[in-house]
Amino acid sequence: MYIIVGLGNPDRQYQATRHNIGFDVITRICDETGISLNIRKHKALLGKGMLCGQKVLLVQPMTYMNLSGECIRELVDYYKIDPKEELIVIYDDISLEPGQLRIRKKGSAGGHNGIKNIIAMLGTQDFQRIKIGVGEKPKDWDLVDWVLGRFPSEQEPIIREALKNASYAVKVMIEEGPEQAMNQFNKKKV
């Protein structure tokens, strides 16, 4: 079984912000598979279904970004999964160009508070992740304002493509493994 988590913030005011791109990927996977996020448990909105012949649990934590690890810890314990092999976390990354994907099998938080909390709660950095570029904050901007801001309309096609690619990357990770997904998606945009 795979637990696939998209990070974000639950309130309506955060919809379609840079920080909620993980939520958006989960919504995209739901749309493609017909899986409904219709279960409220473990501090999350959950959807159970099948993806690439595997049982999956699609997750949008309701804890707010900085406490995402609380929800993930509960899920890992309840479903008795190995985070290294069966957890995929999808989130925003300001060090990548908008729409660029970077897939990793493990790593540090890189300054991302949601990932920092997950690492603290799980006691390990060994879990698969898909980072989606939201662009570097402009010099005069506050980081919180940047990540809680929305993409400009001219970037919408790039972001839609990124959501499609991230959804596909999840399938590649499940069917062929993270290395294959890294080979396919960890390329600089030309």
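Residues numbered from 1 in each chain as written. Predicted model: local features only at pLDDT ≥ 70, side-chain atom pairs only at ≥ 80, totals over all residues. Heavy atoms only, no water.

Enquirer: Describe the pattern of salt bridges, and please don't skip the residues or the numbers.
Expert: By the definition in use, this model includes 8 salt bridges. The partner of K43 in a salt bridge is E74, with the nearest N and O atoms 3.6 Å apart. On the criterion of sequence distance, the pair formed by K43 in the loop between β2 (39-41) and β3 (44-51) and E74 in helix α2 (residues 68-79) is long-range, its members being 31 residues apart. As a salt-bridge pair, D77 and R73 come within 2.6 Å of each other at their nearest N and O atoms. Taken together, the residues D77 and R73, both in helix α2 and 4 residues apart, mark about one turn of the helix. One connected set of salt bridges, linked through shared partners, spans R28, E32 and K171. (Salt bridge = Lys/Arg side-chain N within 4 Å of Asp/Glu carboxyl O. Helix = DSSP H or I, 4+ residues; strand = E, 2+ residues; numbered from the N terminus.)

Enquirer: Please set out the pairing of strand β1 (residues 2-6) residue by residue, giving values where relevant.
Expert: The element β1 is largely enclosed, with a buried count of 5 among its 5 residues. Alternating residues of β1 divide into Y2, I4 and G6 and I3 and V5, and every residue in both groups is buried. Strand direction decides the pairing type here: β1 and strand β4 (residues 54-61), joined by 4 bridges, are parallel. When the sheet's bridge partners are listed, I4 is paired in β4 with L58. Pairing geometry for β1 and strand β5 (residues 87-93), over 4 bridges, is parallel. In the sheet register, V5 faces β5, and the bridge partner there is V89. (Buried < 20%, exposed > 50% of the residue type's maximum accessible area, 1.4 Å probe, protein only. Pairing = 2+ DSSP bridges.)

Enquirer: Describe the nonpolar core, naming the residues involved and giving the relevant values.
Expert: I4, I90, I130, I132 and V170 are the most contacted members of the largest nonpolar core, which totals 30 residues. Among the secondary structure elements, those contributing two or more residues to this core are β1, α1 (21-33), β4, β5, β6 (101-104), β7 (128-133), α6 (156-176) and α7 (178-185). Tallying contributions element by element places α6 first for this core, with 9 residues. For V170, the residues in contact, after removing those within four places along its chain, are I4, I29, L51, I88, I90 and I130. (Core = buried A, V, L, I, M, F, W, Y, C linked by side-chain atoms within 4.5 Å. Contact = heavy atoms within 4.5 Å.)

Enquirer: Give me the side chain of N20: which residues, what numbers.
Expert: Relative to the assigned elements, N20 resides in the loop between β1 and α1. Relative accessible area serves as the criterion here: at 2%, N20 is assigned to the buried category. At 3.4 Å, the side chain of N20 forms a polar contact with the backbone oxygen of Y14. If sequence neighbours within four positions are ignored, N20 has contacts with L7, G8, N9, Y14 and Q15. (Polar contact = N/O pair within 3.5 Å; in protein donor to acceptor, adjacent residues only side chain to side chain.)

Enquirer: Lay out the packing of aromatic side chains with the relevant residues and their values.
Expert: Aromatic ring pairs are described here by two measures, namely the spacing of the ring centres and the angle between the planes. Going through the model one piece at a time under the given rule, you end up with 4 aromatic pairs. Taking 4.9 Å as the distance between ring centres and 80° as the angle between the ring planes, the aromatic pair formed by Y78 and Y79 counts as edge-to-face. Look at Y78 and you get partly exposed, because its relative accessible area is 46%. For Y79, a relative accessible area of 18% gives the class buried. For the pair W141 and W146, a centre-to-centre distance of 5.3 Å together with 90° between the ring planes defines the contact as edge-to-face. Under the relative-accessibility criterion, W141 is labelled partly exposed at 40%. (Phe/Tyr/Trp six-rings, centres within 6.5 Å; stacked < 30°, edge-to-face > 60°.)

Enquirer: Requested: an account of α7, with residues and values cited.
Expert: For α7, the full list of buried residues reads P178, A181 and F185. Down the axis, α7 shows its buried residues gathered within 60° of arc, on one side only. Residues of α7 that are buried in the fold lie against β6, β7 and α6. (Arc of directions from axis to C-beta.)

Enquirer: How would you summarise the pairing of β6 if you had to cite specific residues and measurements?
Expert: Covered by surrounding structure in β6 are L101 and I103 only, the residues R102 and R104 on the alternate face being uncovered. Across 4 bridges, the pairing between β6 and β7 is antiparallel. Bridge assignment links R102 to a residue of β7, and that residue is K131.

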